[in-house]
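Below are the chains, spelled out letter by letter.
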Amino acid sequence: GRKIMRTQPDHIVGQLHSALSSGHLPRRQKDLGAEILSHLSQAVRVVVLGRPKSGKTSLINMMLGHEVVTAPSDVDIVEVIYGTIAQVTAHWSDGTTQTFAGQVMDGHNSNCLERLTYELPIDSLKTLTFCEVSQPNDRTRQQELLETALQQGQVFVWCSEAFDQAEQSIWQSIPDAIKDHSFLALTKVDRQIMKGDLSAQMAALEDTASEEFLGLHPIATLHALKARAGGDTQS
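Values in this document were obtained by computation on a predicted structure and should not be read as measured data. (Residues numbered from 1 in each chain as written. Predicted model: local features only at pLDDT ≥ 70, side-chain atom pairs only at ≥ 80, totals over all residues. Heavy atoms only, no water.)

1. With respect to the nonpolar core
In step 1: If you look at the biggest cluster of nonpolar residues, it comprises 34 residues, and the most contacted ones within it are Leu59, Leu64, Val80, Met105, Leu116, Tyr118 and Phe130.
In step 2: If you list the elements that add at least two residues to this core, you get strand 1 (44-50), helix 3 (56-64), strand 2 (77-82), strand 3 (87-92), strand 5 (113-120), strand 6 (128-134), strand 7 (155-160) and strand 8 (182-186).
In step 3: Here this core gets 5 residues from one element, more than from any other, and that element is helix 3.
In step 4: Sequence-distant contacts of Val80, defined by excluding residues within four places in its chain, comprise Ile60, Leu64, Val69, Tyr118, Leu120, Leu125, Thr129 and Phe130.
In step 5: Among the nonpolar cores identified, the runner-up in size contains 25 residues, and Trp158, Phe163, Leu198 and Leu205 belong to it. (Core = buried A, V, L, I, M, F, W, Y, C linked by side-chain atoms within 4.5 Å. Buried < 20%, exposed > 50% of the residue type's maximum accessible area, 1.4 Å probe, protein only. Helix = DSSP H or I, 4+ residues; strand = E, 2+ residues; numbered from the N terminus. Contact = heavy atoms within 4.5 Å.)

Okay, structure coming up:
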């Protein structure tokens, strides 16, 4: 199985970099690893997957250190890339697009909105860009989005509160070539921490995660991280 790595949430970006640059990818992934490493001068594309409302956007905001992405929950694909000026481009299903200054689409309907692309002047986006891809209940759309996601990324993060059987079923179809540089993000763990259940949940997922992912990471929300930084010592 793949080695489980436990880190503090704010170190996950470093772990992503380390996994790519360590040279410890499985031998069968040596060529792919070399290709990824050769592109480190460009931005590494991180695809964040998961069911609707599983904490994908919160994870991206946490990685960026800013609450800058506020996409509508019914948008299936959200890209976050570097740009010199903050703006968001909306892509509708009929092929039309529109770009808005800033980070919100004030007064515009999200009906039939397929994709949002955020361009933000955040230095970390020069080395890590993000593509959030939802996994809705509709199986046909779910598979289409999954195939799109697999073509988009170099590093993959599955967001989940519990990684239940339905999610495991989706993930099991993923090629090992992808799993070898994928991470399971256990999201919204603030609730588990408050209930004292985090250790039990981590233990329950460890065997599955060790077979299906390179690492397992408990992720608190950005609000929780800021609270701790401000002196809240709850663990």
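2. A look at the side chain of Thr89
In step 1: Assignment of secondary structure puts Thr89 in strand 3.
In step 2: Of note is the side chain of Thr89, whose polar atom sits 2.9 Å from the side chain of Thr99.
In step 3: In contact with Thr89, other than residues within four places in its own chain, are Thr97, Gln98, Thr99, Arg115, Leu116, Thr117 and Glu119. (Polar contact = N/O pair within 3.5 Å; in protein donor to acceptor, adjacent residues only side chain to side chain.)

3. Side note on the side chain of His91
In step 1: Secondary-structure assignment places His91 in strand 3.
In step 2: What makes His91 buried here is its relative accessible area of 15%.
In step 3: Looking at His91, its side chain comes within polar contact range of the side chain of Thr117, at 3.3 Å.
In step 4: Excluding residues that lie within four positions of it along the chain, His91 makes contacts with Thr96, Thr97, Leu113, Glu114, Arg115 and Thr117.

4. Points about helix 5 (residues 165-172)
In step 1: Along helix 5, the residues that are buried comprise Glu167, Gln168, Ile170 and Trp171. When helix 5 is viewed along its axis, its buried side chains cluster within an angular range of 160° and face the same direction.
In step 2: If you follow the buried residues of helix 5, they end up packed against strand 1, helix 4 (139-152), strand 7, helix 6 (176-179), strand 8 and helix 8 (198-212).
In step 3: Its side-chain oxygen placed 3.2 Å from the backbone nitrogen of Ala166, Asp164 serves as the N-cap of helix 5. (Arc of directions from axis to C-beta.)

In short, geometric facts, not functional conclusions.
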